[in-house]
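# Close look at the chain arrangement
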Amino acid sequence: MRLRNVQGAREAMIESEYTVNEPVEMKGKWNELFHNCNPIHLEIGTGKGKFLIELATANPDINYIGIEKYSSVLIRALQKQEECKLPNLIFIRMEAEQIEDIFAKDEISKIYLNFSDPWPKDRHAKRRLTSRQFFARYNNILAKEGSVEFKTDNRALFDFSLDEIKEAAWNVDAVTYDLHNSPMSEGNIMTEYEIRFSEMGNPINKLIASR
């Protein structure tokens, strides 16, 4: 369960040099913030930051942005980044629905979705980060050759996602229902949830989609 209230979390984020507090003002100018023209990869729902911290450490020529809506969770990622001080990683506290207000056309090269909220009720399907509504948003910010990578242990959500990708007229480039025992596991970086669910014996599903 996510912690919703951590005293001082919002204040710490506002003060951190690794957060952007007015992201709307950066639309179309994110490379200026990083002071380079390297590709930008985006994780939606970055959680406590393990995944992006490891990616940014291993790939200094790629810029990473992590967005998370809960202050109490994002503060954990910021604490890690304050120790690592990676120049190619920043965070934003925001709702995923706002990404078109924050990023310009073709500005993002890759999107990561890791163990996203399944929103199990049918009436909430459009809130799922792999719904056709969200793929329409990704279409408006993702570079032509860009891709979306999605991991989850939730098979129902994964099957829904495969159907939605087709409805959105995207392509499924790769898919596995057991990531850790497949060729797609090469170079895989595990998230906090991935470690937990794997230890429980749950197989991890992964897909890569593009247009």
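Only a predicted model underlies this, so the values are computations on that prediction, with no experimental measurement involved.

## Comments concerning the overall build of the protein chain
- Along the protein chain, the regular secondary structure elements total eight helices and seven strands.
- Relative to the globule expectation of 17 Å for 211 residues, the C-alpha radius of gyration of the protein chain, 16 Å, shows essentially globular dimensions.
- For the protein chain, the spread of C-alpha atoms along the three principal axes comes to 40 × 35 × 35 Å.
- By residue count, 49% of the 211 residues in the protein chain fall in the buried class.

## Topic: the nonpolar core
- Residues Trp-30, Ile-44, Ile-65, Ile-92, Phe-103, Ile-111 and Tyr-138 are the most contacted members of the largest nonpolar core, which totals 36 residues.
- Looking at this core element by element, the count peaks at five residues for helix 7 (residues 155–167).
- The residues contacting Ile-92, other than those within four sequence positions of it, are Val-20, Pro-23, Trp-30, Ile-65, Gly-66, Ile-67, Glu-68, Leu-74, Ile-102 and Phe-103.
- Among the nonpolar cores identified, the runner-up in size contains 19 residues, and Leu-55, Tyr-64, Ala-77 and Phe-91 belong to it.

## Considerations on unusual backbone geometry
- The phi dihedral of Lys-85 is positive, around 55°, even though this residue is not glycine.
- Within the secondary structure, Lys-85 is located in the loop between helix 4 (71–84) and strand 3 (89–93).
- Classification of Lys-85 as partly exposed rests on a relative accessible area of 47%.

## Digging into the environment of Asp-163
- Mapped onto the elements, Asp-163 comes out in helix 7.
- Using a relative accessible area of 48% as the deciding quantity, one classes Asp-163 as partly exposed.
- Along the sequence, Asp-163 and Ser-131 sit 32 residues apart, while their C-alpha atoms lie 9.0 Å from each other.

## Examining the pattern of salt bridges
- Enumeration according to the criterion identifies nine salt bridges in this entry.
- Put simply, Glu-192 and Lys-80 hold a salt bridge, and the shortest N to O gap is 4.0 Å. Of the two residues, Glu-192 is situated in helix 8 (residues 192–199) and Lys-80 in helix 4; the sequence distance between them amounts to 112 residues.
- The class of Lys-80 is partly exposed, set by a relative accessible area of 30%.
- One connected set of salt bridges, linked through shared partners, spans Lys-110, Glu-149 and Lys-206.

## Some details on the pairing of strand 7 (residues 205–210)
- Across the six residues that make up strand 7, a large majority, six, are buried.
- What you see with strand 7 is no split at all: Asn-205, Leu-207 and Ala-209 on one side and Lys-206, Ile-208 and Ser-210 on the other are buried throughout.
- Sheet topology places strand 5 (residues 142–152) next to strand 7; six bridges connect them, and they run antiparallel. Each bridged residue has a counterpart across the sheet, and for Glu-149 the counterpart in strand 7 is Ile-208.
- In this sheet, strand 7 lies alongside strand 6 (residues 171–176) in antiparallel orientation, the contact comprising five bridges. Paired with Val-172 across the two strands is Ala-209, which belongs to strand 7.

## Let's talk about the sheet that holds strand 6
- The mixed open sheet is built from seven strands, whose spatial order is 3-2-1-4-5-7-6. The open sheet is flanked by strand 3 and strand 6, the only strands paired with a single partner. Adjacent strand axes in the sheet meet at a mean angle of 15° when their direction is disregarded.
- With respect to the sheet, helix 3 (residues 50–58) is in contact with strand 1 (40–44), strand 2 (63–68), strand 3, strand 4 (108–114) and strand 5, its orientation differing from that of strand 2 by roughly 175°.
- Along the sheet, helix 7 contacts strand 5, strand 6 and strand 7; its crossing angle with strand 7, the most-contacted strand, is approximately 15°.

How each quantity is defined
- Residues numbered from 1 in each chain as written.
- Predicted model: local features only at pLDDT ≥ 70, side-chain atom pairs only at ≥ 80, totals over all residues.
- Heavy atoms only, no water.
- Helix = DSSP H or I, 4+ residues; strand = E, 2+ residues; numbered from the N terminus.
- Rg over C-alpha atoms; globule rule 2.2 N^0.38 Å.
- Buried < 20%, exposed > 50% of the residue type's maximum accessible area, 1.4 Å probe, protein only.
- Core = buried A, V, L, I, M, F, W, Y, C linked by side-chain atoms within 4.5 Å.
- Contact = heavy atoms within 4.5 Å.
- Salt bridge = Lys/Arg side-chain N within 4 Å of Asp/Glu carboxyl O.
- Pairing = 2+ DSSP bridges.
- Axes fitted to C-alpha atoms, helices over the stretch in contact; angles between N-to-C directions.

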